[in-house]
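Chains, contacts and geometry: an overview
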Amino acid sequence: MNAYERLMAEALPTGRFGYPPPPSDPHKRPWTPLEQAEHRRVLDEALADWTDPGDRAGQKRDRLRLVPTDQSHTDAA
């Protein structure tokens, strides 16, 4: 069996060719709902007073304007 055939024989091609997945880090675990809520509270608190320094919403923005043109050039067609 060549490499292509091994790859196509996998249910979901991962490139591991049937080898077991690498062991996961034992120190990584999903957050509990309580930990998720605490992290969300801290994030919301940090973002509450944050403003984007590049945001020009409070400033007068330059807007596109129509520029009058001489109609005699467009009527020739």
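Residues numbered from 1 in each chain as written. Predicted model: local features only at pLDDT ≥ 70, side-chain atom pairs only at ≥ 80, totals over all residues. Heavy atoms only, no water.

1. A look at the overall build of the protein chain
The helix and strand inventory of the protein chain stands at three helices and zero strands. In the protein chain, the succession of α and β elements from N to C terminus is α-α-α. Within the protein chain, the fraction of its 77 residues that count as buried is 1%. For the protein chain, the exposed area adds up to about 8,100 Å²; of that, 58% sits on carbon and sulfur atoms. (Helix = DSSP H or I, 4+ residues; strand = E, 2+ residues; numbered from the N terminus. Buried < 20%, exposed > 50% of the residue type's maximum accessible area, 1.4 Å probe, protein only. Areas by Shrake-Rupley, 256 points an atom, 1.4 Å probe, with all protein chains shown as cover.)

2. Here's the deal with the pattern of salt bridges
Taken as a whole and assessed by the stated rule, the structure comprises four salt bridges. Residues Glu35 and Arg29 are paired through a salt bridge, measuring 2.9 Å at the closest nitrogen-oxygen approach. Assessed through its relative accessible area of 25%, Glu35 is described here as partly exposed. On the accessibility criterion, Arg29 (51% relative accessible area) is exposed. Sharing partners across several salt bridges, the network here consists of Glu38, Arg41 and Glu45. (Salt bridge = Lys/Arg side-chain N within 4 Å of Asp/Glu carboxyl O.)

3. Let's talk about a nonpolar patch on the surface
The grouping of Leu43, Leu47 and Trp50 at the surface amounts to a nonpolar patch, some 350 Å² of accessible area in total. With respect to the element layout, Leu43 can be found in helix α2 (residues 33–47). (Patch = residues over 30% accessible without salt bridge, like charges linked within 9 Å, V, L, I, M, F, W, Y side chains within 5 Å.)

4. With respect to the confidence of the model for the protein chain
Mean pLDDT for the protein chain: 76, with 70% of residues reaching 70 or above. Of all the helices and strands in the protein chain, helix α3 (residues 72–75) carries the lowest mean pLDDT, 59, while α2 carries the highest, 93. (pLDDT = per-residue confidence, 0-100.)

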